[in-house]
Amino acid sequence: ETGVTQTPRHLVMGMTNKKSLKCEQHLGHNAMYWYKQSAKKPLELMFVYSLEERVENNSVPSRFSPECPNSSHLFLHLHTLQPEDSALYLCASSLTSGRETQYFGPGTRLLVL
Amino acid sequence: AQSVAQPEDQVNVAEGNPLTVKCTYSVSGNPYLFWYVQYPNRGLQFLLKYITGDNLVKGSYGFEAEFNKSQTSFHLKKPSALVSDSALYFCAVREGGSARQLTFGSGTQLTV
């Protein structure tokens, strides 16, 4: 599990706060992903980056803003979130954004008050 | 379009008994199929995948899955369940050769 790390592991924020989630992968992969996991719902793919370029954005609200400064790091900037945004946010990476296996980080448990 | 279904939210099995977690899929072309496991407060861990070749795929921790094209299924199995197998299991699919990303099922909670 140390291949993909996420910080912080837990985050509580108010609706007017600005915070950032960080993901780092040590696997030499070129693709990185953000997923949202809510209770009793399938994983929702939010963003995909391949070679630092965003290749997919699944109609995610603009209050979520991703950033991929290099192939090892991925951020998710949060601002003016809503209580329904409370969820587990998972980062994953794969060798490319093709058929290779995705490896997941432990997630950040977010609570929006 | 691609989709995956896990028809059981919860599966209970006695320790030592065989376990099966069901998954069915729908894709236009050839499927790439994956199983992941999630323990409490952890991310998803890769168990096994089917891309091509032998329909019976063996993975981590003694798990295996059988690809059945006619039934569009990819059920996860283990001959003898352990208490430590208790976790949330996710099936995922993507259409081979396409630009689509993985689609995950809603998960099955296994309790041993």
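Right above here is the structure, for reference.
Residues numbered from 1 in each chain as written. Chains lettered and ligands numbered in written order. Predicted model: local features only at pLDDT ≥ 70, side-chain atom pairs only at ≥ 80, totals over all residues. Heavy atoms only, no water.

Asks: Would you mind going over the overall build of chain B with me for this structure?
Replies: Of the regular secondary structure elements, chain B holds zero helices and twelve strands. Over its C-alpha atoms chain B spans a radius of gyration of 13 Å, differing by no more than 12% from the 13 Å that the globule rule assigns to 112 residues. Projected onto its principal axes, the C-alpha coordinates of chain B cover approximately 40 × 30 × 20 Å. Taken over 112 residues, chain B has a buried fraction of 48%. (Helix = DSSP H or I, 4+ residues; strand = E, 2+ residues; numbered from the N terminus. Rg over C-alpha atoms; globule rule 2.2 N^0.38 Å. Buried < 20%, exposed > 50% of the residue type's maximum accessible area, 1.4 Å probe, protein only.)

Asks: Looking at this model, I keep getting lost on the interface of chain B and chain A. Mind explaining?
Replies: Note on interface size: it is often stated as the accessible area lost on association of the parts. Facing the 20 residues of chain B at the interface are 21 residues of chain A. Buried area between chain B and chain A, summed over both chains or domains, comes out near 1700 Å², and the portion from carbon and sulfur atoms is 51%. Considering only the side of chain B, the residues that lose the most area to chain A are L44, Q101 and F104 of chain B, jointly responsible for 33% of the buried surface there. Connecting chain B to chain A are zero salt bridges. Remark: the boundary between chain B and chain A carries four residue pairs in polar contact (both at pLDDT 80 or more). A class-by-class count of the residues in the side of chain B that touches chain A yields ten nonpolar, seven polar and three charged. (Contact = heavy atoms within 4.5 Å. Buried area = accessible area lost by both parts, 1.4 Å probe. Salt bridge = Lys/Arg side-chain N within 4 Å of Asp/Glu carboxyl O. Polar contact = N/O pair within 3.5 Å; in protein donor to acceptor, adjacent residues only side chain to side chain. Nonpolar A, V, L, I, M, F, W, Y, C, P; charged D, E, K, R; others polar.)

Asks: Is there a simple way to think about the pairing of strand β12 (residues 108–111) of chain B in this case?
Replies: The side chains of a regular strand alternate, residue by residue, between the two faces of the sheet. Residue and element names in this part refer to chain B. Of the two faces of β12, only the one carrying T108 and L110 is buried; Q109 and T111 on the other face are not. Pairing of strand β2 (residues 10–12) with β12 involves three bridges; the strand directions are parallel. Across the sheet, residue Q10 finds its bridge partner in β12, namely Q109. (Pairing = 2+ DSSP bridges.)

Asks: Any chance you could explain the sheet that holds strand β3 (residues 18–25) of chain A here in plain terms?
Replies: Residue and element names in this part refer to chain A. Read from one edge of the open sheet, four strands run β1-β3-β8-β7, paired in antiparallel fashion. Because the sheet does not close on itself, it has two edges, and the strands there are β1 (4–7) and β7 (64–70). Each strand axis lies, on average, 20° off the axis of its neighbour in the sheet, ignoring direction. In terms of strand pairing, β3 meets strand β8 (residues 73–79) through seven bridges, oriented antiparallel. When the bridges of β8 are listed, L21 appears paired with L76. (Axes fitted to C-alpha atoms, helices over the stretch in contact; angles between N-to-C directions.)

By themselves, these observations are geometric and do not establish any function.
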